[in-house]
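# Chains, contacts and geometry: an overview
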Amino acid sequence: METNSLIKFDFPTIPKVVRAGVTKLPAGKKFHEHCKDLHEIDFTTSGQAQLVVNGQPAFFLPGYVNVFQPGDVCSGQGDARHGLLSHRWVEFQWPSAGSKGSPDASNALPLPRLMKLPPQAQGEVRTAFDALVACFDGAWSGWEMAASGYLLALLGILRREAERGRPRGPQASDRRLNLALIYLERNFLRPIKIREVAAA
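Remember, it's a predicted structure, so these values are computed and weren't measured experimentally.

### Things to note about the pattern of salt bridges
Scanning all chains against the criterion turns up 10 salt bridges. The salt bridge partner of aspartate 72 is arginine 113, with a shortest N-O separation of 2.7 Å. Linking aspartate 72 in the loop between β6 (64-68) and β7 (73-78) with arginine 113 in the loop between β8 (85-93) and β9 (114-116), this pair joins segments that are 41 residues apart in sequence. Accessibility expressed as a relative area gives 2% for aspartate 72, which makes it buried. Put simply, glutamate 124 and arginine 160 hold a salt bridge, and the shortest N to O gap is 2.5 Å. Linking glutamate 124 in helix α1 (residues 119-138) with arginine 160 in helix α2 (residues 143-163), this pair joins segments that are 36 residues apart in sequence.

Okay, here's the thing in structure tokens:
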């Protein structure tokens with residue numbers, strides 16, 4: 001075996017960045033109705049815009065992230081009172097993402113369509129976005145893999161923020177188990193029925 005022979009890695013379920021950039025639009029710019037053909041994440045850093053997504057009101061707001069999926073029908077207009085609309089964005093494909101019956105469907109990544117980020121997370125998202133856009137713009141050998149890595153980092157940050165403050169399953173289970181054990185300890189001298197423990 002050659003010591004420097006190539007080892008090939010297959011990445012069938014890693015997202016592929018198709019387009020990415022930083023867009024700055026004049027205040028009051030109108031967005032004509034269009035249908036998204038890719039997954040998309042937008043991070044707004046200045047300005048505001050009112051949107052309509054699939055017939056429902058939505059917004060571009062500073063410090064917020066918008067998440068779109070293929071098939072979304074969008075239109076809107078920037079708010080002239082809030083100046084230049086600036087946002088970082090990425091469009092990407094993710095084979096099997098959200099596919100029913102796919103082996104990893106149970107591990108799908110749930111993200112809200114609109115997320116307000118705290119200041120620290122905004123800095124992290126900005127850093128990940130800037131590195132991702134630099135990879136896309138540079139188009140050097142291997143940029144696709146690096147861009148996918150930064151996209152995964154971005155998604156990880158968003159998942160963390162979406163989950164922040166929510167009770168986690170194992171922690172809730174531990175609390176129930178502790179309550180059941182306390183009940184058993186206090187009542188071990190008499191016959192105990194299962195439904196009593198379940199209600200503890």
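Picking up after the structure, the text goes on.
### Examining the environment of proline 112
Turning to its location among the elements, proline 112 is positioned in the loop between β8 and β9. With 46 residues separating them in the primary sequence, proline 112 and asparagine 66 have C-alpha atoms 8.2 Å apart.

### What to know about the packing of aromatic side chains
Tallied over the full model, the rule gives 2 aromatic pairs. Between phenylalanine 31 and phenylalanine 60, the aromatic rings sit 6.2 Å apart at their centres with planes inclined by 75 degrees, giving edge-to-face as the arrangement. One end of the pair, phenylalanine 31, is in strand β2 (residues 30-35); the other, phenylalanine 60, is in strand β5 (residues 56-60), and 29 residues separate them in sequence. One exposure class covers both phenylalanine 31 and phenylalanine 60, and it is buried. Both rings, one in phenylalanine 136 and one in tryptophan 143, keep their centres 5.6 Å apart while their planes meet at 80 degrees; by these two values the pair is edge-to-face. For phenylalanine 136, a relative accessible area of 23% corresponds to the partly exposed category.

### Describing the nonpolar core
In this structure, Ile41, Val90, Leu151 and Leu154 are the most contacted members of the largest nonpolar core, which totals 25 residues. For this core, the secondary structure elements donating two or more residues are β1 (16-25), β3 (39-46), β6, β8, α1 and α2. With 8 residues, α2 is the largest single contributor of residues to this core. If you look at the next biggest cluster of nonpolar residues, it comprises 10 residues, including Ala49, Phe60, Phe68 and Cys74.

### Digging into α2
For α2, spanning 21 residues, the distance from its first C-alpha to its last is 30 Å, which sits close to the expected 30 Å at 1.5 Å a residue. By the burial criterion, the buried members of α2 are Trp143, Ala147, Ser148, Leu151, Leu154, Leu155, Ile157, Leu158, Glu161 and Ala162.

### Considering α1
Compared with the 28 Å implied by 1.5 Å per residue over 20 residues, the 28 Å span of α1 between its first and last C-alpha is a close match. Those residues of α1 that sit buried are Ala121, Gln122, Val125, Ala128, Phe129, Leu132, Val133 and Cys135. Buried residues of α1, seen end-on, are gathered within an arc of 155 degrees and therefore sit on one face of the element. Along α1, the residues that are exposed and aim more than 90 degrees away from the buried face are Pro119, Gln120, Thr127 and Asp137.

Parameters and conventions
- Every chain begins its residue count from 1, and numbering advances along the sequence as written.
- The predicted origin of the model limits local features to residues at a pLDDT of at least 70 and limits the giving and counting of side-chain atom pairs to 80 or more, whereas totals for whole chains, interfaces and linings rest on all residues.
- Hydrogens are left out, water is left out, and the side-chain values use all remaining heavy atoms of the structure.
- Between Lys or Arg on one side and Asp or Glu on the other, a salt bridge is scored when a side-chain nitrogen of the former is within 4 Å of a carboxyl oxygen of the latter.
- Counting from the N terminus, the helices are the DSSP runs of H or I reaching at least four residues and the strands are the DSSP runs of E reaching at least two.
- Note on exposure labels: buried denotes an accessible area under 20% of the residue type's maximum, exposed denotes more than 50%, and partly exposed covers the range between, all computed with a 1.4 Å probe on protein chains only.
- Aromatic rings from Phe, Tyr and Trp, with only the six-membered ring used for Trp, were paired whenever their centres fell within 6.5 Å, and each pair was classed as stacked if the ring planes differed by under 30 degrees, edge-to-face if by over 60, and tilted otherwise.
- By convention a nonpolar core is built from buried Ala, Val, Leu, Ile, Met, Phe, Trp, Tyr and Cys residues, the set being connected through side-chain atoms within 4.5 Å.
- To estimate the expected span of a helix, subtract one from its residue number and multiply by 1.5 Å.
- Arc, as used here, means the arc of the directions from the helix axis to the C-beta atoms.

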